[in-house]
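Topology and contacts: notes
Next come the chains, spelled out residue by residue.
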Amino acid sequence: MFILSTFADIIWFYILVAIIPAIALMIYIYRQDKIEKEPLALLVSLAFKGVAAALISIILEEIFQAIAPHFLTANSQMSTVITAFLGVACIEEGSKYFFLYRSTWDNPDFNYKFDAIVFAAFVSLGFAAFENIGYVFNFGITVAPTRAFLAIPGHLGFSVFMGYFYGRARKMADYGHQVRKKLCLVMAYLSAVFLHGFYDSCAMLNTQESNIIFFAFVAIMYVIVILLIRHESKTDTWV
């Protein structure tokens, strides 16, 4: 009984270490929503939709890995970049976007511009939390600090850009600008894909040059994301 109890404690400790960074960032985003807080039930639901997006991504990425050898050259830098964009970024951001749109576009609580960033962040951080549990259990707790400062905030960064354009798409729809709405929806997806793909390309190439670019990119993205969150929070408007 003591051994089972100790084992259960270790499991829960690993899970907590994996998800606490994502929860901390959820709280940060929630607190930036100054005008009207979103219902907690909706936000929790979106976080679990992020988990569903992660599960779907695992399946789609396995399919990509199975077919990739038929059109990609093994161990080439170009193949690594293509894999980062098509095999990871397009799939993961597409899965997040699918659940974001299906769960919030017609939701009556989507009534302020900043809501879009909140919604996108909760889906993405739910995704990141689930993904991080897998990394911690597969590679050990030593990966947790690195992922807490890079991977999880990275997912938040991608989602902020997705939410930025997603909120403007909602505003364009309410104004009856259908072409602009569609353009903003496309940009919501593509901006997240570009940032995610570039992030993963640099990390996966793992050369001296790509590592320098990676850390410079991360630092610049974090600064832009923080400034964007603050600006959108202060200038929030009804959609």
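Please refer to the structure higher up on the page.
A short tour of the structure in this document, coming up. None of the values given here were measured: they were computed from a predicted structure.

1. Re the overall build of the protein
When helices and strands are tallied, the protein shows 8 helices and 0 strands. When the helices and strands of the protein are read in sequence order from the N terminus, they spell out α-α-α-α-α-α-α-α. Taking 239 residues into account, the globule formula puts the C-alpha radius of gyration at 18 Å, and the protein, at 18 Å, falls close to it. In terms of principal-axis extent, the alpha carbons of the protein reach across some 55 × 50 × 30 Å. Counting every position in the protein, which comprises 239 residues, the buried fraction comes to 49%.

2. Side note on a nonpolar patch on the surface
A cluster of nonpolar side chains, I56, I59, L60, I63, I67 and F71, forms an exposed patch at the surface whose accessible area comes to about 530 Å². Residue I56 is classed as partly exposed on the basis of its relative accessible area, which comes to 34%.

3. What about the environment of Y166?
With respect to the helices and strands, the residue Y166 is situated in helix α6 (residues 151-174). Taking C-alpha positions, Y166 is 32 Å from V136, a pair spaced 30 residues apart along the chain. Contact partners of Y166, with chain neighbours within four places excluded, come to L100, Y101, T104, W105, F110, A116, L185 and A188.

4. Some remarks on unusual backbone geometry
With phi around 60°, N75 is a residue other than glycine that occupies positive phi space. With respect to the helices and strands, the residue N75 is situated in the loop between α2 (40-67) and α3 (77-104).

5. Side note on the nonpolar core
Judged by nonpolar contacts, the single largest core of 56 residues is most densely connected at Y166 and Y199. Broken down by secondary-structure element, the contributors of at least two residues to this core are α1 (2-32), α2, α3, α4 (115-139), α6, α7 (178-205) and α8 (208-234).

6. Let's talk about α4
End to end, α4 covers 35 Å across 25 residues, agreeing with the expected 36 Å (1.5 Å per residue, within 8%). With respect to burial, α4 is a largely interior element, 18 of its 25 residues being buried. Just past α4, the residue G140 takes up positive phi, approximately 95°.

7. Side note on the side chain of D200
Structurally, D200 is set in helix α7. As a buried residue without a salt bridge, D200 has its nearest oppositely charged side chain in R147, at a separation of 8.1 Å.

8. Describing the pattern of salt bridges
Two side chains of opposite charge can pair, provided their charged atoms sit close to one another. Summed over the entire model, instances satisfying the criterion amount to 5 salt bridges. The partner of K113 in a salt bridge is E232, and the shortest N-O contact between them spans 3.1 Å. Note that K113 is positioned in the loop between α3 and α4 and E232 in helix α8, a separation of 119 residues in sequence. The same class applies to K113 as to E232, namely buried. A salt bridge links D174 to R170, with the nearest nitrogen and oxygen atoms 3.1 Å apart. Linking D174 with R170, this pair stays in helix α6, spanning 4 residues, or about one helical turn.

9. Side note on the packing of aromatic side chains
Applying the stated criterion across every chain, the model contains 19 aromatic pairs. Pairing Y112 with W238 gives two aromatic rings, centres 5.3 Å apart and planes at 80°, and the pair type is edge-to-face. With a gap of 126 residues between them, Y112 in the loop between α3 and α4 and W238 in the segment after α8 connect regions that are remote in the sequence. On the basis of relative accessible area, W238 is assigned to the exposed category, the value being 54%. Among the aromatic side chains, those forming a connected cluster through ring pairs are Y97, Y101, W105, F110, F119, Y166 and Y189.

Parameters at a glance
- Residues numbered from 1 in each chain as written.
- Predicted model: local features only at pLDDT ≥ 70, side-chain atom pairs only at ≥ 80, totals over all residues.
- Heavy atoms only, no water.
- Helix = DSSP H or I, 4+ residues; strand = E, 2+ residues; numbered from the N terminus.
- Rg over C-alpha atoms; globule rule 2.2 N^0.38 Å.
- Buried < 20%, exposed > 50% of the residue type's maximum accessible area, 1.4 Å probe, protein only.
- Patch = residues over 30% accessible without salt bridge, like charges linked within 9 Å, V, L, I, M, F, W, Y side chains within 5 Å.
- Areas by Shrake-Rupley, 256 points an atom, 1.4 Å probe, with all protein chains shown as cover.
- Salt bridge = Lys/Arg side-chain N within 4 Å of Asp/Glu carboxyl O.
- Contact = heavy atoms within 4.5 Å.
- Core = buried A, V, L, I, M, F, W, Y, C linked by side-chain atoms within 4.5 Å.
- Expected span 1.5 Å × (residues − 1).
- Lys, Arg positive; Asp, Glu negative; His and termini not counted.
- Phe/Tyr/Trp six-rings, centres within 6.5 Å; stacked < 30°, edge-to-face > 60°.

In short, the description is geometric, and any link to function would need to be established separately.
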